[in-house]
Amino acid sequence: MSLLVVGLSHRSAPVSVLERASLAADTQAKLLQDTLASEPAVEAAVLATCNRIELYADVDKFHAGVAELSTLLAQHSGVGLEELTPYLYVHYEDRAVHHLLSVACGLDSMVVGEGQILGQIKDALALGQELHTAGRLLNDLFQQALRVGKRAHSETGIDRAGQSLVTFGLEQLAVGSGLSVGEWAAGKRALVIGAGSMSSLAAATLVRTGVAEVVVANRTQARAERLAEILGEAGGVARAVPMADVARELTRVDVVVSCTGATGLVLTAEHVASALGLTVDHATAGSVAGRGAGAGGGADAGAFAGAGAGGDVGAGEPAGCPVPSDAAVVPAARQGADAESMEQHGAWADNGTAVAQARTRGQAGVRGGAPVRLALLDLAMPRDIDGGVHRLDGVRLVDIESLAEASADAPMAADVDQVRTIVSDEVAAFGAAQRAAQITPTVVALRSMAADVVSNEVARLEGRLPGLDEKQRAEITQAVRRVVDKLLHAPTVRVKQLASEPGGAGYADALRELFDLDPQTVAAVSRADLNDTPDGGNRGRA
């Protein structure tokens, strides 16, 4: 196993960088295809959510793999390699497995213990299978991650340590009201912009908390209507509107939750101010709006009609929205840095200014202590809502940046330690299984060679003893096969056990040498095993 992961997340990079580096669905597909076409990689998968972008690959060269994957991430994210490098982290082999399993259990999430990451891992695996970039290793790894994540949630109380980002966001909106989320939401009207997985979760959560009505706006009307229908079946009051009606609905609602795939802003400070009958101080709010636009700049033309250039709101959401440079990485590799040292590569971002701004929004809520007239929750990456709206009287904004600041102080349940134990055990089991699997083609080739020997000897015996009847020939053949099977049973079982232990990879080579096995025969078995993937197709590059 030569598993490598290169990525960045809310733990390593400021929101401003994550925002610019976000990958749309078509960009993820191109990234996977280009990764597989690169020299070091034979398999690839990408896990892209609104607070992490990670590229997984089976590589034949560690240092070359780190440099290539880092370069590809920079190229496809649109963030320059030199700028992106300080925020990247690298994990290799067992540490890479440990990282993904920790992610699957919610240990690496912004809100510890949240379970939405499992859906995102499932989507990442499905994309790799669809594009034929996920081979045996990554299929096994991601399926194991899904099983471990489910095990963590069913066997521990990790759910008590965390919650969905939506629930956490609503709690932050309610901060300062002196009310529980349910009390705060009771009787309110809510607007949900987008109809993808995250927006659907937000709408369902709002219904559960007791809002009086949920209005769903989406570029594709049919998707909005379907979500409204589902909410109605769940006992909520919901209706769908086209994106063109968002401006009007802003004047009627108390809460807005937005998570779309738009590249520009969906709600500007001007939109919100107009709905509330306010004016925007462009000398102040405008500068914030520039930051809020992220990669989309100030693009808000047609925001309500088309959600920027992001295509279908909901359908175009970044997969998983729930909420190295040559000068740095390559020289480190050339200086002989080992894998463990390289795994520590990356820098924690000094985003004190952003944190201070998030704290201001999260704690002060609205300017001048005015009553909250409109509460906004932005769960998109890049952001949907202009950061300048928090300067408007009576407006409270909670976004990914402020959620990251708030979650840093959230208490962790004792169950987290139990989940960490599960992850450690499962990493060991996965490594053992992969090492054992590497010797399987050699064992199969050995048994195939033994079967050929038996067949040849039985055929020669029949030539010497032509008088044998069918029953006698069958008995002799079976006896010879039993002898061969008994002779091979103990060594093949034992070699699998030894191969599963750390450092056991050399046993396959020893077996091939001892029995003079044809390397091409072993390779043929390996190729056949690769073709026999869970979804029945050839995965990865042969």
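The structure this text deals with has already been given above.
Figured I'd write up the structure that's included with this text. Being a predicted model, the structure only gives us computed values, none of them experimental. Per chain, residue numbering runs from 1 following the sequence as it is written. Restriction of local features to residues with pLDDT of at least 70 applies here, the model being predicted, together with a cutoff of 80 or more for giving and counting side-chain atom pairs; totals for whole chains, interfaces and linings are based on all residues. Hydrogens and water molecules were not included; the side-chain quantities draw on all heavy atoms of the structure.

1. Overview of the overall build of the protein chain
For clarity, the threshold we go by: Put simply, DSSP marks the helices as runs of H or I at least four residues long and the strands as runs of E at least two long, and each gets a number from the N terminus on. Three labels apply to residues, based on accessible area from a 1.4 Å probe with only protein chains included: buried if under 20% of the type maximum, exposed if over 50%, partly exposed otherwise in between. For the area figures, the Shrake-Rupley method with a 1.4 Å probe applies, and any residue is considered shielded solely by the protein chains shown.
Across its full length, the protein chain holds 24 helices and ten strands. Taking all 542 residues of the protein chain together, the buried fraction comes to 52%. For the protein chain, the exposed surface amounts to about 22,800 Å²; the carbon and sulfur share of it is 52%.

2. Considerations on the pairing of strand E3 (residues 52-59)
Put simply, the rule is: Two strands form a pair only when DSSP identifies at least two bridges running between them.
Taken across its eight residues, E3 has eight buried, putting it largely inside the fold. The alternating pattern of E3 places Arg52, Glu54, Tyr56 and Asp58 and Ile53, Leu55, Ala57 and Val59 on opposite faces, both of which are buried. By the bridge criterion, seven bridges tie strand E1 (residues 3-9) to E3 in an arrangement that is antiparallel. The partner of Leu4 across the bridge, within E3, is Ala57. Judged from the eight bridges that link them, strand E2 (residues 41-49) and E3 form a sheet pairing that is antiparallel. Bridge assignment links Ala45 to a residue of E3, and that residue is Tyr56. In textbook terms, the turn of a hairpin is the stretch between consecutive antiparallel strands, and for E2 and E3 this stretch comprises two residues.

3. Regarding the packing of helix H9 (residues 165-174) against helix H11 (residues 197-209)
We apply this condition: With axes taken as lines fitted to C-alpha atoms, and helix axes fitted only over the stretch in contact, angles between N-to-C directions fall between 0 and 180 degrees. Convention used here: angles under 35 degrees read as roughly parallel, angles over 145 as roughly antiparallel, angles from 65 to 115 as roughly perpendicular, and any remaining angle as oblique. Take the far helix as the reference: if the near one is turned anticlockwise from it by less than a right angle, the crossing is left-handed, and if turned clockwise, right-handed. We call two residues in contact when some of their heavy atoms are within 4.5 Å. The nonpolar class holds Ala, Val, Leu, Ile, Met, Phe, Trp, Tyr, Cys and Pro. Asp, Glu, Lys and Arg form the charged class, and all remaining residues, Gly among them, are polar.
Interaxial distance between H9 and H11 falls to 9 Å at its minimum, and their mutual angle equals 55 degrees. When the axis of H9 is compared with that of H11, the two are oblique. Read as a crossing pair, H9 and H11 show a hand that is right-handed. Only Met198, Leu201, Ala202, Thr205, Leu206 and Thr209 of H11 make contact with H9, whose side of the interface consists of Leu165, Val166, Thr167 and Leu170. Classifying every residue of the contact of H9 with H11 by side-chain character gives seven nonpolar, three polar and no charged.

4. Examining the sheet that holds strand E7 (residues 238-242)
Taken in spatial order, the six strands make up an open sheet running E7-E6-E5-E8-E9-E10, and their pairing is parallel. Sheet topology places E7 and strand E10 (395-399) at the edges, where each strand pairs with a single neighbour. With strand direction ignored, the average angle separating the axes of adjacent strands in the sheet is 20 degrees. Relative to E7, strand E6 (residues 213-218) runs parallel, the two being bridged by five bridges. Considered in E7, the bridge of Val215 is made with Arg239. Most of the contacts of H11 go to strand E5 (residues 189-193), to which it runs at about 170 degrees, and overall it touches E5, E6 and strand E8 (255-258).

5. Here's the deal with unusual backbone geometry
Despite not being glycine, Glu93 has its phi angle at roughly 50 degrees, a positive value. With respect to the helices and strands, Glu93 occurs in the loop between strand E4 (89-92) and helix H5 (94-104). Here Glu93 falls in the partly exposed class, since its relative accessible area comes to 30%. Of note, the phi angle at His132 is positive, near 60 degrees, even though the residue is not glycine. Tracing the chain through its elements places His132 in the loop between helix H6 (117-130) and helix H7 (136-155). The class of His132 is partly exposed, set by a relative accessible area of 41%.

6. Brief notes about the sheet that holds E1
Pairing within the open sheet is antiparallel, and its four strands lie in the order E2-E3-E1-E4. Edge positions in the sheet fall to E2 and E4, since each of these pairs with one other strand and no more. With strand direction ignored, the average angle separating the axes of adjacent strands in the sheet is 15 degrees.

7. Focus: the environment of Thr260
Of note, Thr260 is situated in the loop between E8 and helix H14 (269-276). Since its relative accessible area comes to 1%, Thr260 is described here as buried. Along the sequence, Thr260 and Asn218 sit 42 residues apart, while their C-alpha atoms lie 8.8 Å from each other.

8. Focus on the packing of aromatic side chains
The description of an aromatic ring pair rests on the distance of the ring centres and on the angle between the ring planes. The following threshold applies: Two rings from Phe, Tyr or Trp (for Trp, the six-membered ring) form a pair when their centres sit within 6.5 Å of each other. Planes less than 30 degrees apart are called stacked, planes more than 60 degrees apart edge-to-face, and all others tilted.
Considering all chains together, one arrives at two aromatic pairs under this definition. Ring centres 4.6 Å apart and planes at 55 degrees place the aromatic pair Phe62 and Tyr92 in the tilted group. Within this pair, whereas Phe62 is found in helix H3 (residues 62-77), its partner Tyr92 is found in strand E4, the two being separated by 30 residues in sequence. For Phe62, a relative accessible area of 10% corresponds to the buried category. Judged by relative accessible area, which is 14%, Tyr92 ranks as buried.

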